[in-house]
Every structure is written in C-alpha cells, then in structure tokens.
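Remarks on the overall topology
Each chain is listed here by its residues.
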Amino acid sequence: MKPRDLSDHVPYRAGRGVEEVARDLGLDPEDLVKLSSNENPFGPSPQAVGAIEAKAGSVHTYPKAAHADLVAALASEWNLDTEQVWLGPGGDGVLDYFARAFLDPGDRVLVPNPGFAYYPMSARYHDGVVDQYSLSKEDDFEQPADIVLDAHEDHRIVYLTTPHNPTGSEIRLDDIETVARETGEETLVIVDEAYGEFTDTPSARQLLDERDDVAILRTFSKVYGLAGLRLGYGLVPKSWADAYDRVNTPFSVNLLACHAGIAALDDEEHVEKTVETVRWARRYIHDNLDAPTWESGGNFVLAEVGDAEQVAADAQREGVIIRDCSSFGLPECIRITCGTRDTTPLAVETLNEVIEE
Ligand SMILES: Cc1ncc(COP(=O)(O)O)c(C=O)c1O
C-alpha cells in the first residue's frame, strides 16, 4: 500500500535548530547565535510563560473556554465580532482552514515567487493548482498591484505577503484594495501580515468592513515569541465567518497556547522592547553589513552576498546561523533575522569576515 500521488508536494524545509547545529559542530548551543528563522531574540513574552506555568495542571481538559476567551480578546483588540476571528495552530494552520473553506479540487491559486513556502503546499494539500507571480530583484521586490493583476486569471485565492518574507518589501493598502477589486468577487485575497507588528504600514483590517473577499493572517510566533506553541489567527469578513465551524479541527488550538496568547496580548513591555529592537537592528544591519541590503518592514533583512550557501556554511562554522535563501530561488542572498543589541553586531561582524573571504 502507498499514499496517494504526492509527487507534486514539496516538503517544507525549516531552518536547522540550534541543538542540531551545535551537535554537528561540537559546540554548546549557548555559544551559537541563531538568526535564521525570524524568531524573537528575547524569547517568549514573560507573561505568556507565567500563564503556561499556571495552566500546566489543566491540560487534561479540552480548551473550550480558553479558546473562547482568546477569541474574545482578539475580537476586542481588532474591533470585530468574535466569529470573525479564526484561531489556528500557527498561521500555517489558518492557511489550511482558508484553503479548506475555499478550494474545490482543481481550483487555481496565485502565490508570490519568491515567497513563503507553505502557500503552495497548503493549496496542493487541498487539491488546488498553483500559479505564481514574480517579484523582481531589479525592482527591489516591490509589490505594486500590477504585478499580481498581470498574472491573475481565474484564481480562487491570491496570496499577498506584507511585509514580505524573505525580502521585507511591503504592499500599500490602496494596492491591496486594487488587487481585491480587480480580481473580482469570487477571488479571495489573503493578506498575510505575519510580520505586521514590525511595520508602520497600516493593516488591511479596515477592508474587512468594506469587502467580503479579503482575509488577514496574523501570528503569535513573531512579536510575541510563541513560535513553539503554534498559535495564529485569521481575521475574516462577517458574511462568511461562520464557515470556521465547518472547516476547523476540533479544539484546533491547544489549551496552553490559548492561555499564553491571552497573556501575551497584555504584555506591552515585551512587545515594545521587541519592536523597538527590531527597528534598531534593521538599521544596524543596513548600515554595517558589507553587502547590499533591502529595506525591510519585517524582523529580518535580506542581503546579497554572492554565494549564499557558502556564506551560510562559513558563518555557521563561526557560530552564527542565518538563512541561505537558495530555497527561495535567491541563491545569492541570505536573510538575517534581527537579533538583540548584543547578537546583531556579533552576527554582522562574523558575516563581514566570511563575506570578504
Ligand atoms: C510570511 C509568513 N507567513 C506565515 C508564517 C507562519 O507562521 P506560523 O505558522 O509560525 O504562525 C510565516 C512563518 O515564518 C511566514 O514567514
């Protein structure tokens, strides 16, 4: 017996973990600087950690009330009705819920190239057919509405990322609105704002009051530092919000994640420190790395270094782990996650040494 034909499916390749790399190099994980997965260098929100510890003894129960409480907190934060908040196991899980709710077998979707690998994966799991629109390096990976619309035909879902991973480029709200309008009423535009807290560009939230063909993706993995818990959410128009109950997994978000999420939303100190340090680190990397970089709205910076695989391998030997962007189709680029005021200069110094070699 065999699984169905999965030959079109490409496995997700996550950046390697600190423990894995430390073991290979015979080093203590504490001696490594990991800036390869856009994680929060300050760790999780301390208030979230407190909530996890406090609720650990309750994990024998299903998370019904905790789920409702987190949804209520998010609905209040975004000034939406509770059914307009779709919780999921990470932003990835929410992408699956959108695909389940919208794709019939053979429906086409449009994803950015380069772009976040899980869009095409999720669409294919749900028997969708994947097309791409291209962001070009020559145009600094800019994302005007035209580049999406020129590639658009009869797509059922169009994925937009702002700030964009791995390039950091952003989409103006009026461009998002143009894409939504011009792609027609039966095309869902997913605006992925996984890195939305790190930019001043306004969220697409206001479009939810005006349109029913736009949905937004947000995550607790980045600014709240809860990547390991797998907690994300969608914000969706009122008219089809009740589809959630028909597509989600029973108790899709675990109890500790729900409680941690509620606590993290209140942890202003952690959010402010994180955002402020990201802004500083982006500037530091732009100003001090001996390689061309692109402006970024996210908690990372893309840089052109020649042979990215070699630079990543050399930096790793020196204890600095960054992301080789070959898998994004950018073999000459690396992506550096913003670290702390200690680790960012250390990473830049190491990279400058290995880039020069
Ligand atoms: C652009 C983008 N969207 C969504 C996600 C999903 O994040 P998570 O599943 O951790 O919430 C990521 C993760 O890195 C991302 O880079």
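Anyway, here's the lowdown on the structure attached to this text.

**Re the environment of Ala66**
With respect to the element layout, Ala66 can be found in helix α3 (residues 64-78). A relative accessible area of 5% means that Ala66 is categorised as buried. For Ala66 and Leu256, which are 190 residues apart along the polypeptide, the C-alpha to C-alpha distance reads 8.7 Å. Excluding residues within four positions of it along the chain, Ala66 makes contact with Leu255, Cys258, His259 and Ile262.

**Observations regarding the site of the ligand**
Lining the immediate surroundings of the ligand are 13 residues, of which Gly91, Asp192, Thr219, Ser221 and Arg230 lie closest. Between the ligand and Lys222 there is a distance of 3.0 Å, counted from an oxygen atom to a side-chain nitrogen or oxygen. Considered on its own, the ligand offers 400 Å² of accessible surface; in the complex 93% of this is hidden by protein. The element contributing the most residues to the shell around the ligand is helix α4 (residues 90-102), with three residues. Of the residues in the shell around the ligand, the class split is three nonpolar, six polar and four charged.

**Some points on the sheet that holds strand β6 (residues 188-192)**
Read across the open sheet, the seven strands follow the order β2-β8-β7-β6-β5-β3-β4; overall the sheet is mixed. Every interior strand has two partners, whereas the edge strands, β2 (85-88) and β4 (129-134), have only one. Shown here is a sheet whose adjacent strand axes are inclined to one another by a mean of 25 degrees, direction ignored. Sheet topology places β2 next to strand β8 (residues 232-235); four bridges connect them, and they run antiparallel. When the sheet's bridge partners are listed, Leu87 is paired in β8 with Tyr233. Sitting on the sheet, α3 is in contact with β2, β7 (214-219) and β8, with an inclination near 130 degrees to β2.

**So, the pattern of salt bridges**
Counting across every chain of the model gives 22 salt bridges. With a closest N to O distance of 2.9 Å, Lys137 and Glu304 form a salt bridge. Remark: Glu304 occurs in strand β9 (residues 300-304) and Lys137 occurs in the loop between β4 and α6 (145-151); sequence separation between them is 167 residues. Classification of Glu304 as partly exposed rests on a relative accessible area of 27%. Salt bridges here are not isolated pairs; linked through shared partners, they connect Arg108, Asp131, Glu153 and Asp154.

About the thresholds
Residues numbered from 1 in each chain as written. Predicted model: local features only at pLDDT ≥ 70, side-chain atom pairs only at ≥ 80, totals over all residues. Heavy atoms only, no water. Helix = DSSP H or I, 4+ residues; strand = E, 2+ residues; numbered from the N terminus. Buried < 20%, exposed > 50% of the residue type's maximum accessible area, 1.4 Å probe, protein only. Contact = heavy atoms within 4.5 Å. Near = heavy atom within 4 Å. Polar contact = N/O pair within 3.5 Å; in protein donor to acceptor, adjacent residues only side chain to side chain. Areas by Shrake-Rupley, 256 points an atom, 1.4 Å probe, with all protein chains shown as cover. Nonpolar A, V, L, I, M, F, W, Y, C, P; charged D, E, K, R; others polar. Pairing = 2+ DSSP bridges. Axes fitted to C-alpha atoms, helices over the stretch in contact; angles between N-to-C directions. Salt bridge = Lys/Arg side-chain N within 4 Å of Asp/Glu carboxyl O.

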